[in-house]
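A structural walkthrough
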Amino acid sequence: MADFSPVELLELFQRAQAQFTDRVDAVEPGQWDDESLPGWTVADLVAHLVNEQLWVPPLLAGEPYDLIEGRFPDGTEDLLGDDPFTGWETAADGALSAFAEDDALVRTVHLSRGPTPATEYIFEMTADLTVHSWDLARATDGDTELDGELVTAALVYAESLPADGIPGIVDPPLDVPPSALPQVRLLARFGRRATSSGLR
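Throughout what follows, the structure given in this document is the object of discussion. Here the structure is a predicted model, which is why all the values come from computation and not from measurement.

1. Examining the overall build of the protein chain
The helix and strand tally for the protein chain stands at 8 helices and 4 strands. Element order for the protein chain, N to C, with α for helix and β for strand: α-β-β-α-α-α-α-β-β-α-α-α. Compactness check: the protein chain gives a C-alpha radius of gyration of 16 Å against a globular reference of 16 Å for 200 residues, within 12% of the reference. Considering only C-alpha atoms, the protein chain reaches an extent of 45 × 40 × 30 Å along its principal axes. Counting only residues that meet the buried cut, the protein chain has 45% of its 200 residues in that class. Per element, the accessible surface of the protein chain, about 10,100 Å² overall, is 51% carbon and sulfur. Here the protein chain holds 11 positive side-chain charges and 37 negative ones, and the gap between their average locations is 7 Å.

2. Concerning the packing of helix H6 (residues 118–139) against helix H7 (residues 148–158)
For the pair H6 and H7, the least separation of the axes is 9 Å and the interaxial angle reads 120°. When the interaxial angle is binned, H6 and H7 end up oblique. H7 is crossed by H6, and the crossing has left-handed handedness. Taken together, the residues of H7 that come into contact with H6 (itself represented by Phe123, Glu124, Thr126, Ala127 and Thr130) are Leu150, Ala153, Ala154, Val156 and Tyr157.

3. Some points on H7
Regarding H7, the residues found buried are Leu150, Val151, Ala153, Ala154, Leu155, Tyr157 and Ala158. In this structure, the buried residues of H7 make contact with helix H1 (6–25), H6 and helix H8 (182–189). Of the residues flanking the start of H7, the one acting as N-cap is Asp147, its side-chain oxygen 2.8 Å from the backbone nitrogen of Glu149.

4. Looking at the packing of aromatic side chains
Given two aromatic rings, their pairing is described by the distance between the two centres and the angle made by the two planes. All chains considered together, the criterion is met by 6 aromatic pairs. With centroids separated by 5.0 Å and ring planes inclined at 70°, the aromatic side chains of Phe13 and Phe99 adopt a geometry described as edge-to-face. Here the residue Phe13 occupies a position in helix H1, and Phe99 occupies one in helix H5 (residues 84–99), the gap between them amounting to 86 residues. Considering the side-chain rings of Phe99 and Tyr121, the 5.6 Å spacing of their centres and the 50° angle between planes classify their relative orientation as tilted. Of this pair, Phe99 sits in helix H5 while Tyr121 is found in helix H6, placing the two residues 22 residues apart along the sequence. One exposure class covers both Phe99 and Tyr121, and it is buried. Feature note: the residues Phe4, Phe123 and Tyr157 constitute an aromatic cluster, connected by ring pairs.

5. Considerations on the side chain of Gln31
Within the fold, Gln31 resides in the loop between H1 and strand E1 (35–37). Taking relative accessible area as the criterion, Gln31 reaches 14% and is therefore assigned buried. A distance of 2.8 Å separates a polar side-chain atom of Gln31 from the backbone nitrogen of Glu28. Dropping the residues within four chain positions of it, Gln31 is found in contact with Ala26, Val42 and Thr140.

Analysis parameters
Residues numbered from 1 in each chain as written. Predicted model: local features only at pLDDT ≥ 70, side-chain atom pairs only at ≥ 80, totals over all residues. Heavy atoms only, no water. Helix = DSSP H or I, 4+ residues; strand = E, 2+ residues; numbered from the N terminus. Rg over C-alpha atoms; globule rule 2.2 N^0.38 Å. Buried < 20%, exposed > 50% of the residue type's maximum accessible area, 1.4 Å probe, protein only. Areas by Shrake-Rupley, 256 points an atom, 1.4 Å probe, with all protein chains shown as cover. Lys, Arg positive; Asp, Glu negative; His and termini not counted. Charge placed at Lys NZ, Arg CZ, Asp CG, Glu CD. Axes fitted to C-alpha atoms, helices over the stretch in contact; angles between N-to-C directions. Parallel < 35°, antiparallel > 145°, perpendicular 65-115°, else oblique. Left-handed = near helix turned anticlockwise from the far one by under 90°. Contact = heavy atoms within 4.5 Å. Polar contact = N/O pair within 3.5 Å; in protein donor to acceptor, adjacent residues only side chain to side chain. Phe/Tyr/Trp six-rings, centres within 6.5 Å; stacked < 30°, edge-to-face > 60°.

And the structure:
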């Protein structure tokens, strides 16, 4: 990631985690079964991010994808336990600690798509957290205004995506005018439609 130094990438990742943490903390008890994305509840969305964070330490330790697959629970209730906020924070803390190790961002991780620089991996995780923070806020009537620096960084990441998205992972982009607000353009690049305010 030539646009960002390792120190900047780690800071952006930490900010993206904190932004998502704020949205998880704001979920009301009766909102966990509400829809967040097609086919996903609010709980499913948070569990998805918990699972992603759990993968970080073993991947950065050099373990290959196929040996990690199946290690962690894949059910929402198993991933979140009795306290979804604590489940999220515990997984997030483990991921941040792994990325913060001295040489973590010069390593190579072995993802399902093959060997990947750790800098690319953390940048992808940061963009994912940023977009899903909006998903969670929108689903729970929370704060949908995203951190401007995270939006800028995620837009840089989005430039590396295939023009039609990634089937099953990133939705095809929606058309928005080039003059649209950065957050609107980011959401559209990930197949999400913001309202006219650009924030909700």
